[in-house]
Amino acid sequence: MADQQEASVTLPSEPASVATARRFVAEVLGGWGLDDATETADAIRIIVSELATNAVLHTLGQSPTFTVGLRLDREEQLYIGVTDSHPRLPRRLPAAVQQDNGRGMVIVRVLAAEAGGRLTVTPIREGGKTVRISLPWTPAPPTDR
């Protein structure tokens, strides 16, 4: 396998793109050897859903697209990033008991930490930002067939 593998997709900032982003990530990571039935795969699906949803809902129509990027370095570290062109950085919203939103970044941060990873937010030169998760790579163990 190469020292580094990368894949990305740019999608319109609309609700239907969240499911497309999830499917894209699952297909790529499956091709790289991640078993779709693992807890790590479940966590990644939730993380991608939350980050893509944020890119759609919280850019207030000012980012017509968002990009989901994946990078696997030396089969040791996985990076998942969602980039949009809205300059406002994500922030924790007050999450009252009766609210259905405001917890996404908390969920992402907890899931990343539980998997041994971390969350970073990086402004990009063009005026937007990338919200990136880094995780230790845990591919499926070889099977005897």
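If you're wondering where the values come from, they're calculated on a predicted model, not measured in any experiment.

**Q** So what's going on with the environment of I47? Residues and values would help.
**A** Summarising the element assignment, I47 is placed in helix α2 (residues 39-57). Look at I47 and you get buried, because its relative accessible area is 0%. Here the alpha-carbon distance between I47 and I107, two residues 60 residues apart in the chain, equals 7.8 Å.

**Q** How would you sum up the sheet that holds strand β5 (residues 129-136)? Please name residues and give values.
**A** With respect to topology, five strands assemble into an open sheet ordered β1-β2-β3-β5-β4, the strand pairing being antiparallel. Only two strands of the sheet have a single partner each, and these edge strands are β1 (4-12) and β4 (118-123). Averaged over all pairs of adjacent strands, the angle between strand axes in this sheet comes to 15 degrees, irrespective of strand direction. The pairing of β4 with β5 spans six bridges and is classified as antiparallel. Within β5, the position partnered with L119 by the bridge is I133. Each of β2 (65-73), β3 (77-84) and β5 touches α2; the most contacted strand, β3, lies at about 20 degrees to it.

**Q** Tell me about the packing of aromatic side chains, and please be specific about residues and values.
**A** Taken as a whole and judged by the stated rule, the model has zero aromatic pairs. Across the ring face of Y79, the terminal group of R71 is positioned such that the distance to the ring centre comes to 4.2 Å.

**Q** Report on the side chain of H86, specifying residues and quantitative values.
**A** Structurally, H86 is set in the loop between β3 and α3 (104-114). There is a polar contact of 3.0 Å between the side chain of H86 and the backbone nitrogen of R88. Aside from chain neighbours lying at most four places away, what touches H86 is T59, L60, Q62, S63, G127, G128 and K129.

**Q** How would you sum up the nonpolar core? Please name residues and give values.
**A** Counting 36 residues, the largest nonpolar core has L29, W32, I44 and F66 as its most contacted members. Breaking this core down by element, the ones donating at least two residues are β1, α1 (16-31), α2, β2, β3, α3 and β5. Of the residues forming this core, the biggest block, nine residues, is contributed by α2.

**Q** I'd like a description of the environment of V56, backed by residues and values.
**A** With respect to the helices, strands and loops of the structure, V56 is situated in helix α2. For V56, a relative accessible area of 13% translates into the label buried. Here the alpha-carbon distance between V56 and V18, two residues 38 residues apart in the chain, equals 8.2 Å. Among all residues touching V56, those that are not within four sequence positions of it are S13, E14, P15, V18 and F66.

**Q** Go over the packing of α2 against α3, please, and point to the residues and values.
**A** For the pair α2 and α3, the least separation of the axes is 9 Å and the interaxial angle reads 150 degrees. Here α2 is positioned roughly antiparallel relative to α3, judged by the angle of their axes. Of the two elements, α2 crosses α3, and the hand of that crossing is left-handed. Contacts between α2 and α3 involve A43, I46, I47, E50, L51 and N54 from the former and G104, M105, I107, V108, L111 and A112 from the latter. Residue composition of the contact of α2 with α3, by class: nine nonpolar, two polar and one charged.

**Q** How would you summarise unusual backbone geometry if you had to cite specific residues and measurements?
**A** Of note in this structure, R74 is not a glycine but carries a positive phi near 50 degrees. Within the secondary structure layout, R74 lies in the loop between β2 and β3. Residue classification places R74 among the exposed residues on the basis of a relative accessible area of 54%. Positive phi is not limited to glycine here, since E75 has a value of about 55 degrees. One can find E75 in the loop between β2 and β3.

Rules behind the numbers
Residues numbered from 1 in each chain as written. Predicted model: local features only at pLDDT ≥ 70, side-chain atom pairs only at ≥ 80, totals over all residues. Heavy atoms only, no water. Helix = DSSP H or I, 4+ residues; strand = E, 2+ residues; numbered from the N terminus. Buried < 20%, exposed > 50% of the residue type's maximum accessible area, 1.4 Å probe, protein only. Pairing = 2+ DSSP bridges. Axes fitted to C-alpha atoms, helices over the stretch in contact; angles between N-to-C directions. Contact = heavy atoms within 4.5 Å. Phe/Tyr/Trp six-rings, centres within 6.5 Å; stacked < 30°, edge-to-face > 60°. Lys NZ or Arg CZ within 6 Å of the ring centre and 35° of its normal. Polar contact = N/O pair within 3.5 Å; in protein donor to acceptor, adjacent residues only side chain to side chain. Core = buried A, V, L, I, M, F, W, Y, C linked by side-chain atoms within 4.5 Å. Parallel < 35°, antiparallel > 145°, perpendicular 65-115°, else oblique. Left-handed = near helix turned anticlockwise from the far one by under 90°. Nonpolar A, V, L, I, M, F, W, Y, C, P; charged D, E, K, R; others polar.

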